[in-house]
Every structure is written in structure tokens, then in C-alpha cells.
Amino acid sequence: RKYRLCPYNNRVPNCTKDKANNPLGVCSIFAGENSTAITCPIRFRQDWVIVEEAAAFFFPPVANWTSLGEIRLNDRSGRSAGNVDLVLVSYDDRGRVTDFGTLEVQAVYVSGNIRQPFEYYMEDPAGRCDLDWTNRPDYPRPDYLSSSRKRLVPQLIYKGGILRHWGIKQAVALHAEFFRTLPPLPEVEPQEADMIWLIYDLAYDSDEKLYRLKLEHSAHTLFRPVLDQIMTAEPGPVEEFIGLLQEKLDKKLEGEENPPDAPTLADLL
């Protein structure tokens, strides 16, 4: 903490979460009594287990491979579709690229404010180690819906679409609680898959008093069915929407002398 160093293989030695000159230093939060949420993608780089497990899906066991970070991906017009978090490259004895696969890492957005309670705690760590911030304004909570709609889905559409056209295998690493908020994904046999979802949790190590990144399970899928499933919203009952329309209509007609006496759409249905 003294030198603001990142223990999880950031691209530079220091933590850069939130602000480079005054980093937050928080990469996971508690989300309820028995749950955690990973809020920084660098947290997934602990011991580079995500790279090993993605490589096992991309390449045969005897392949020589390495990983390259933050590689720009362009579309046909040369416009950027975004940076790929990690590209795993296999190569031959002469160092020539023989194959590659991509690994995207998805942390979760937070609603509320993490910096305020953490800076308050850091002013007196020993005296405030048991502080309870739950009833304060802007109490931080994971926002899984925004994380999937604003981050995960656009990545799959733009970057994933290009990679799928090229026939390149893809891997996505995310936290178990985040994965459980997604609709059920249709899985296939590993040899048929062109995507793998690496689902991690933080397991508490009572000896070291630390949380360790642990693979909970993996899911093998095909790109197109997964995209269709995630992008399709699960519809609620139409009666609720009609009720809202009726409420708005009643308010709009309120004050008119002779509102039309006609059956409502809800009555007709």
C-alpha cells in the first residue's frame, strides 16, 4: 500500500484503478453477506491462471505460446473496434505466428461510490476496521445489468463479430456472480465450441487471510447462439405495460369534461 503497487500483474507496477496519480486501490468489494464482486479487470490476472486456462482451449498441449496485451482490432475500413484485453499467440520454432485466440476480461461496474468509504477507512485503519457504511448515501453495489448491456454485449458485437468472421476462438473471463445474472447460455461439447466462458470466484484462504482467484467452472458455447441469447430481453407480462399505459392515459384525460366512455385495451384482452 505504501508504494501503491498492484499485486495482480498490472501493465505497470502501480495500481491505476480510477486515477493513476491517486489510485483507488480497491479491486473487489463485498456484495451482500456471502458474496463478493470483482470490480477491476486486473484482479483476474492473479498468477495468470486465466491465460493458462484459455490457452488449454485454444491450442494443443504441445504448442509454444505466449500472451500479448491490449492489441488494437480494426474493422475493414481501418476504424478501431476496440482493444483486445489479451491475445494468446502460438508460434513455431522460428518464432512465426501459427495461431491465436483472444481473451476478454469483464469486471463489474459499481453504482454508488467506493472511494469515500475507503478513504475514510484509510484515515484510521485500526480504529475503523469494523466500520459499517451500509446506510450512507451512494453505498457501493455491483451493477450487473449495466455491465452486460454497456460493456459485455458491445464487445461481443464489435470485436467478437470480427473474430468470429475470421474463425478465431474466443475466451471470456468473468466473476461467478456476474455470470449468474446472464440468461442461460446454450452449451456445446468442447470440441465443437468456438467460445469458452471462464467463470471465477474469490475463495478465502484462512491461512494467508487472503482471497484467491479460483476457477468455479467453464462453459463451452458457440458465438452466434450466445449473442442472440444475451441480446434478447426476456419479456414480462404485457398486462403490466397496458396498465401503465392506462394510468398515463387516465392522467392525461383527467380534467376533461366528457372523457370517452369506451372499453380499455386491457378489457378487450
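Up top is the structure these notes are about.
From a predicted model like this one, the values you see are computed outputs, not experimental measurements.

Notes on the overall build of the protein
And then number 1: The helix and strand inventory of the protein stands at 7 helices and 10 strands.
And then number 2: Relative to its length of 269 residues, the protein is extended, with a C-alpha radius of gyration of 24 Å against a globular reference of 18 Å.
And then number 3: Referenced to the eigenvectors of the C-alpha coordinate spread, the extents of the protein come out at roughly 85 × 55 × 35 Å.
And then number 4: Element-wise, carbon and sulfur atoms account for 50% of the exposed surface of the protein, whose accessible area totals about 17200 Å².
And then number 5: Placing the 31 positive and 40 negative side-chain charges of the protein at their respective mean positions leaves the two points 10 Å apart.

Some remarks on the environment of Asp18
And then number 1: Tracing the backbone shows Asp18 in the segment before strand E1 (28-30).
And then number 2: Distance from Asp18 to Cys40, taken between C-alpha atoms, is 9.5 Å for residues 22 residues apart in sequence.
And then number 3: Every residue in contact with Asp18, bar those within four places of it in the chain, is listed here: Leu24 and Arg115.
And then number 4: Among the polar contacts listed, one links the side chain of Asp18 to the side chain of Arg115, at a separation of 2.8 Å.

Side note on the pairing of strand E3 (residues 64-74)
And then number 1: Two elements, E3 and strand E4 (residues 80-91), share 10 bridges in a ladder whose sense is antiparallel. Across the sheet, the residue bridging to Gly69 is Leu86, located in E4.
And then number 2: Hairpin connection from E3 to E4: 5 residues lie between these consecutive antiparallel strands, with Gly78 at a positive phi of about 85°.

Quick word on the packing of helix H3 (residues 144-166) against helix H5 (residues 223-231)
And then number 1: Packing of H3 against H5 brings their axes to within 11 Å, and their N-to-C directions diverge by 160°. The angle between the axes of H3 and H5 places the two elements in the roughly antiparallel class. Handedness of the crossing formed by H3 with H5: left-handed. For the pair formed by H3 and H5, the contact residues are Val153, Leu156, Ile157, Gly160, Gly161 and Arg164 on the first element and Phe223, Leu227, Ile230 and Met231 on the second.

What to know about the pattern of salt bridges
And then number 1: Inspection of every chain in the model, using the stated rule, returns 12 salt bridges.
And then number 2: One salt bridge in this structure joins Arg224 and Asp228, with 4.0 Å as the shortest N-O distance. Pair noted here: Arg224 and Asp228 are both in helix H5, with a separation of 4 residues, about one helical turn.
And then number 3: On the basis of relative accessible area, Asp228 is assigned to the partly exposed category, the value being 39%.
And then number 4: The salt bridge partner of Lys251 is Glu247, with a shortest N-O separation of 3.6 Å. Remark: Glu247 and Lys251 occur in helix H6 (residues 238-253); sequence separation between them is 4 residues, near one turn of the helix.

A short note on the side chain of Ser90
And then number 1: Counting through the fold element by element, Ser90 comes out in strand E4.
And then number 2: Judged by its relative accessible area of 4%, Ser90 falls in the buried class.
And then number 3: Looking at Ser90, its side chain comes within polar contact range of the side chain of Thr98, at 2.8 Å.
And then number 4: Here Ser90 is in contact with Phe59, Ala63, Asn64, Trp65, Arg96, Val97, Thr98 and Asp99, once residues within four sequence places are set aside.

Analysis parameters
Residues numbered from 1 in each chain as written. Predicted model: local features only at pLDDT ≥ 70, side-chain atom pairs only at ≥ 80, totals over all residues. Heavy atoms only, no water. Helix = DSSP H or I, 4+ residues; strand = E, 2+ residues; numbered from the N terminus. Rg over C-alpha atoms; globule rule 2.2 N^0.38 Å. Areas by Shrake-Rupley, 256 points an atom, 1.4 Å probe, with all protein chains shown as cover. Lys, Arg positive; Asp, Glu negative; His and termini not counted. Charge placed at Lys NZ, Arg CZ, Asp CG, Glu CD. Contact = heavy atoms within 4.5 Å. Polar contact = N/O pair within 3.5 Å; in protein donor to acceptor, adjacent residues only side chain to side chain. Pairing = 2+ DSSP bridges. Axes fitted to C-alpha atoms, helices over the stretch in contact; angles between N-to-C directions. Parallel < 35°, antiparallel > 145°, perpendicular 65-115°, else oblique. Left-handed = near helix turned anticlockwise from the far one by under 90°. Salt bridge = Lys/Arg side-chain N within 4 Å of Asp/Glu carboxyl O. Buried < 20%, exposed > 50% of the residue type's maximum accessible area, 1.4 Å probe, protein only.

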